[in-house]
Amino acid sequence: MEQTRPEGIYGIPPAELADLPPEGIQFSPLILGSARLEDSSESSLGSMLMLAPPGTIERRYTLALALKALTPGAMLTVLAPKDKGGSRLAKELSSFGCTVSETARRHYRICVCARPIALTGLDDALAAGAPRFDEALGLWTQPGVFSWNRVDPGSALLVQHLPVLAGRGADFGCGLGYLSRAALSSSKIEQLTLIDIDRRSVEATQRNIVDPRAAFQWADIRKSGAQLTGLDFVLMNPPFHDGGSEDQSLGQSFIRRAAEALRPGGICWLVANRHLPYEAMMKSHFKRVTPKIEAGGYKIYEAQK
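Predicted model, so just to flag it, every value in this text is computed and none were measured. (Residues numbered from 1 in each chain as written. Predicted model: local features only at pLDDT ≥ 70, side-chain atom pairs only at ≥ 80, totals over all residues. Heavy atoms only, no water.)

1. Regarding the nonpolar core
Part 1 of the reasoning: If you look at the biggest cluster of nonpolar residues, it comprises 30 residues, and the most contacted ones within it are Leu-37, Met-48, Leu-76, Val-78, Leu-93 and Phe-96.
Part 2 of the reasoning: Elements with a contribution of two residues or more to this core: β3 (45-51), α1 (56-69), β4 (70-81), α2 (89-95), β6 (108-114) and α3 (122-129).
Part 3 of the reasoning: In terms of residues, this core owes the most to one element, α1, which gives 7 residues.
Part 4 of the reasoning: Excluding residues within four positions of it along the chain, Met-48 makes contact with Gly-8, Ile-9, Tyr-10, Phe-27, Leu-37, Ala-66, Leu-70, Met-75, Leu-76 and Thr-77.
Part 5 of the reasoning: If you look at the next biggest cluster of nonpolar residues, it comprises 26 residues, including Leu-228, Leu-231, Ile-255 and Tyr-278. (Core = buried A, V, L, I, M, F, W, Y, C linked by side-chain atoms within 4.5 Å. Buried < 20%, exposed > 50% of the residue type's maximum accessible area, 1.4 Å probe, protein only. Helix = DSSP H or I, 4+ residues; strand = E, 2+ residues; numbered from the N terminus. Contact = heavy atoms within 4.5 Å.)

Structure, rendered in structure tokens:
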């Protein structure tokens, strides 16, 4: 008797729109501890339920990985908000050779198809979404991670105004390691921990920063603080979007965790979009908060614990 193949889950689809398999394997790079879909053997999965990523290149890459991992005839269920890739799902799946059934519920598009025996266009989608070295950035990157194909203007502004840092520090939400790379130019730094909730970012930074003083954590800084204490400094360009919607609580969580991680007298360097109201939050957690510069729609603060 043929052994039942495991079921896969990518992301967390809304419970009212899809039933999650109770023993499904979670693959999302944004959910701590998840398996890497890239590592799944061909025809190893018996089904897949996916909340599709919003970015076109990332979404097609993820769909291609899922189809490759599914056994022929296995069912793939994919959903996404209409305005975040959902309206394109059926066409994208059809381009891979799938025969798609599509429904609409609560502003989502839900597509169901069986994995065909013959797939088309998979190699191109996999190549387009894979990690690559960007010559212009001088960094390893991948579609889907924060600011994957350009230097974030806020981070660039902070790099221009960072002092020479010393001691033990951390980069909260390190992305591709742009801030950390600049900070580590200081020989006075003893250790720098780079932390991000996106596994792909952590994997990229491990290639971008080859420095014995650098340590890496795949962690959600909002929940655990990554168990850091007694730091001399923290760098951050905190996110303020969750699933495409503005969420100021993200940056507020970063600020709280920075205050917890720093020693008395330690410094937090923060860059944020000018409209974000972080000042009151910072003043309630730090002894001194100093605006350093405001330019190009961004602002930089130095906050001392």
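Resuming the write-up.
2. Points about unusual backbone geometry
Part 1 of the reasoning: Notably, His-107 is not glycine yet its phi reads approximately 70 degrees, a positive angle.
Part 2 of the reasoning: By the element assignment, His-107 lies in the loop between β5 (100-105) and β6.
Part 3 of the reasoning: Residue His-107 is classed as exposed on the basis of its relative accessible area of 71%.
Part 4 of the reasoning: At Ser-147, a position not held by glycine, the phi torsion is positive, near 50 degrees.
Part 5 of the reasoning: By secondary structure assignment, the location of Ser-147 is in the loop between β8 (139-141) and α4 (153-161).
Part 6 of the reasoning: Using a relative accessible area of 15% as the deciding quantity, one classes Ser-147 as buried.

3. Points about the sheet that holds strand β9 (residues 167-172)
Part 1 of the reasoning: Pairing is mixed in the open sheet, where 7 strands are placed in the order β11-β10-β9-β12-β15-β17-β16. What marks the edges here is a single partner per strand, and that holds for β11 (214-218) and β16 (288-295). Pairwise comparison of adjacent strand axes, ignoring direction, gives a mean angle of 15 degrees for this sheet.
Part 2 of the reasoning: With 7 bridges connecting them, β16 and strand β17 (residues 298-304) associate as antiparallel partners. Note on β17: the bridge partner recorded for Arg-288 is Gln-304.
Part 3 of the reasoning: Helix α6 (residues 199-208) rests against β10 (189-196) and β11 of the sheet, and its axis sits at about 165 degrees to β11. (Pairing = 2+ DSSP bridges. Axes fitted to C-alpha atoms, helices over the stretch in contact; angles between N-to-C directions.)

4. Some details on the side chain of Asp-134
Part 1 of the reasoning: Tracing the sequence through the fold places Asp-134 in strand β7 (residues 132-134).
Part 2 of the reasoning: Put simply, Asp-134 is tucked away with no salt bridge, and the nearest opposite charge, on Arg-132, sits 6.2 Å away.
Part 3 of the reasoning: A polar atom in the side chain of Asp-134 sits 2.9 Å from the backbone nitrogen of Leu-137. (Lys, Arg positive; Asp, Glu negative; His and termini not counted. Salt bridge = Lys/Arg side-chain N within 4 Å of Asp/Glu carboxyl O. Polar contact = N/O pair within 3.5 Å; in protein donor to acceptor, adjacent residues only side chain to side chain.)

5. Points about α4
Part 1 of the reasoning: Listed as buried for α4 are Gly-154, Ser-155, Ala-156, Leu-157 and Leu-158.
Part 2 of the reasoning: Taken together, the buried residues of α4 touch α5 (178-183), β12 (231-236), β15 (262-273), β16 and β17.
Part 3 of the reasoning: At the N-terminal end of α4, a side-chain oxygen is found 3.0 Å from the backbone nitrogen of Gly-154, two or three residues along, and the residue is Asp-152.

6. As for the environment of Ala-35
Part 1 of the reasoning: By the element assignment, Ala-35 lies in the loop between β2 (25-26) and β3.
Part 2 of the reasoning: The spacing of Ala-35 and Arg-88 is 53 residues in sequence and 26 Å in space, taken between C-alpha atoms.
Part 3 of the reasoning: With sequence-adjacent residues up to four places away left out, Ala-35 is seen in contact with Ile-25, Gln-26 and Phe-27.

7. A few points about the packing of aromatic side chains
Part 1 of the reasoning: This model, assessed by the stated rule, comprises 2 aromatic pairs.
Part 2 of the reasoning: An angle of 65 degrees between the planes, with centres 6.0 Å apart, marks the rings of Phe-133 and Trp-140 as edge-to-face.
Part 3 of the reasoning: On the basis of an interplanar angle of 80 degrees and a centroid distance of 6.4 Å, the ring pair of Phe-172 and Phe-254 is categorised as edge-to-face. On the criterion of sequence distance, the pair formed by Phe-172 in strand β9 and Phe-254 in helix α8 (residues 249-261) is long-range, its members being 82 residues apart. Both residues of the pair, Phe-172 and Phe-254, belong to the buried class. (Phe/Tyr/Trp six-rings, centres within 6.5 Å; stacked < 30°, edge-to-face > 60°.)

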